[in-house]
Amino acid sequence: MGYYDDNHIENDPETDGKSRQTRETRMRGGWFFSGFIGAIVGMVCLLIFAPILSDLGVFPYQVSTGAQNGNNVSNPTFNRQVNVNVTSSVTEAVDKVSPAVVAVINLQKANFFDNKYTESGIGSGIIYKRDNQYAYVVTNNHVVSGAQKVEVRLNDELKTNATVLGKDALYDLAVLRIPSKNVKSVAEFGNSSKLKRGEPAIAIGNPLGFSGSVTEGIISSTNRTIPVESNNASIEAQVLQTDAAINPGNSGGALVNIAGQVIGINSSKIASTGSGTNEGVEGIGFAIPIDVAKPVIDKLETSGKIERPMLGISIVDLTMVPNEEVNQLQLPSSVKTGLVVTDVQNSSPASTSGLEAGDVITEINGHQIKSYIEFSTYMYTQLRAGQTVNIKYYRMGKVHNAQLKLGSKTFS
């Protein structure tokens, strides 16, 4: 028979296997018991020290204890604390400008005998100036066009009646005046000439009547031009292009830079028509650069209108005239561009200077005319009413020059 002691084990064919199993069972039992005791000790330590470690900021939890069912047994309660800083340059810019962005409501009567006004349309506006008595709001002309009454709804939902001080359809701008009593914030104008393509742009307004909506994008182009027509006058208007969402109701609202300054007045967008070249179009909105808008705003505020130069003639672009009719004008072969006079208004500057139907104007004050819209843009941005200019024109193939004092007209 075999035997064993602490120092020696003698193998026995009958007992060796059983002894080995007994030893392994004892070892496993010991490990299990030790692990069980360790788990209990760990839980007790957690219950005791967790609140202390939480107070020291070691855990990302707030740990508290409380009795349940009236017993003295305390159980830990874990409340997750997630500290997320949502403040950014964008939110700061929005917070800075939003109180100065208002809703502009176009009210009209249903009929002449009804004194009740109904909402005909809603757009946006920007409070840009305030004194002790009044505050001044700039918006788009098309927002208040045709209005018999205009209301402004402030950022705090308070409504007030507005007076339209002046409108300009050519640049699509209008200036309103409201009492300053409840106005708490005024927007700051920035500098649109320093904008860079790709820098952040934030549009704030009231699209579809959703007050104070904010959309973010970038400046897609700093010097885009689009054709604008009003009262038989057309110009190439300079605009900022942005991919910040601009929808109906955003008109007249603020396009803001990351510093919270107004750098444009939202005015229009290219919308999808469902077919044709605009099918599926998105992300192409336009704003009037604030540097372009400021002199117009100042003029509308002080005088109520913009007087622009006038020739007193009806004209058509030479490039649009059929070749057969161009041949009848007997122009030199070198003349490819110009404006064909089709009618002269009585007692107009053109009539006084001797211009007649059939004349072809090629230069004004030394500026060569390339197209009708290019000419209009030059005249309305570079010349002024009452200014005397030199007109170069052709009549039956012969060149003539005339001095002409420009008249004035308004676009409202």
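To be clear, the structure that these remarks concern was listed above.
Please read all numbers here as calculations on a predicted model, not as lab measurements.

Cut-offs used in this document
Residues numbered from 1 in each chain as written. Predicted model: local features only at pLDDT ≥ 70, side-chain atom pairs only at ≥ 80, totals over all residues. Heavy atoms only, no water. Helix = DSSP H or I, 4+ residues; strand = E, 2+ residues; numbered from the N terminus. Buried < 20%, exposed > 50% of the residue type's maximum accessible area, 1.4 Å probe, protein only. Contact = heavy atoms within 4.5 Å. Arc of directions from axis to C-beta. Pairing = 2+ DSSP bridges. Axes fitted to C-alpha atoms, helices over the stretch in contact; angles between N-to-C directions. Core = buried A, V, L, I, M, F, W, Y, C linked by side-chain atoms within 4.5 Å.

**Observations concerning the overall build of the protein**
Moving on, step 1. Per the secondary structure count, the protein includes 7 helices and 22 strands.
Moving on, step 2. Buried residues in the protein amount to 37% of all 412 residues.
Moving on, step 3. In the protein, once contacts between residues fewer than 6 apart in sequence are set aside, the share between residues at least 24 apart is 60%.

**Details of helix H2 (residues 89–97)**
Moving on, step 1. For H2, the set of buried residues is Ala-93, Val-94 and Val-97. Each buried residue of H2 lies within a common arc of 100 degrees when the element is viewed along its axis, so the set occupies one face.

**Comments concerning the sheet that holds strand E10 (residues 213–230)**
Moving on, step 1. The strand order around the closed barrel built from 6 strands is E9-E10-E11-E14-E13-E12, with neighbouring strands paired in antiparallel fashion. Going from strand to strand, the sheet's axes swing by 50 degrees on average, the running direction of each strand aside.
Moving on, step 2. On top of the sheet, H2 reaches strand E9 (200–205), E10, strand E12 (254–256) and strand E13 (262–269); it is set at about 35 degrees to E9, its chief contact.
Moving on, step 3. Sheet strands touched by helix H4 (residues 290–303): strand E11 (233–242), E13 and strand E14 (285–289). Its angle to E14, the strand with the most contacts, is close to 50 degrees.

**Remarks on the sheet that holds strand E7 (residues 159–168)**
Strands belonging to one sheet form pairs held by backbone hydrogen bonds; the direction of such a pair is parallel or antiparallel.
Moving on, step 1. Strand order around the closed barrel formed by 6 strands is E3-E4-E5-E8-E7-E6, with antiparallel pairing between neighbours. Recorded for the sheet is a direction-independent mean angle of 40 degrees between the axes of neighbouring strands.
Moving on, step 2. As judged from the 4 bridges shared by strand E4 (residues 117–130) and strand E5 (residues 134–139), these two strands associate in the antiparallel manner. Residue Lys-129 lies in a different strand from E5, and its bridge partner there is Tyr-136.
Moving on, step 3. Sheet strands in contact with H4 are E4, E5, E7 and strand E8 (173–179), and its direction is about 50 degrees off that of E8.

**Considering the nonpolar core**
Moving on, step 1. Ile-127, Leu-173, Leu-176, Ile-178, Ile-265, Ile-361 and Leu-404 are the most contacted members of the largest nonpolar core, which totals 68 residues.
Moving on, step 2. Not counting residues up to four positions away in its chain, the partners in contact with Ile-127 are Ala-100, Val-102, Ala-135, Tyr-136, Val-137, Leu-154, Val-183, Ser-185, Val-186 and Ala-187.
Moving on, step 3. Formed by 9 residues, the second largest nonpolar core is a distinct cluster that contains Leu-195, Ala-201, Ala-203 and Ile-219.

**Description of the environment of Gly-249**
Moving on, step 1. Structurally, the position occupied by Gly-249 is in the loop between E11 and E12.
Moving on, step 2. In sequence terms Gly-249 and Ser-124 are 125 residues apart; their C-alpha atoms lie 6.2 Å from each other.
Moving on, step 3. Residues in contact with Gly-249, not counting those within four places in the same chain, are Ile-122, Gly-123, Ser-124, Asn-206, Pro-207 and Leu-208.

**Some points on the pairing of strand E18 (residues 360–364)**
Moving on, step 1. Of all 5 residues that make up E18, 4 are buried, and the element is covered over most of its length.
Moving on, step 2. Across 2 bridges, the pairing between strand E17 (residues 339–344) and E18 is antiparallel. For Val-340, the partnering residue across the bridge sits in E18 and is Val-360.
Moving on, step 3. By the bridge criterion, 4 bridges tie E18 to strand E20 (residues 388–395) in an arrangement that is antiparallel. By the bridge assignment for E20, Ile-364 is matched with Ile-391.
Moving on, step 4. Pairing of E18 with strand E19 (residues 367–368), which is carried by 2 bridges, proceeds in the antiparallel orientation. Within the sheet, the bridge partner assigned to Ile-364 lies in E19 and is His-367.

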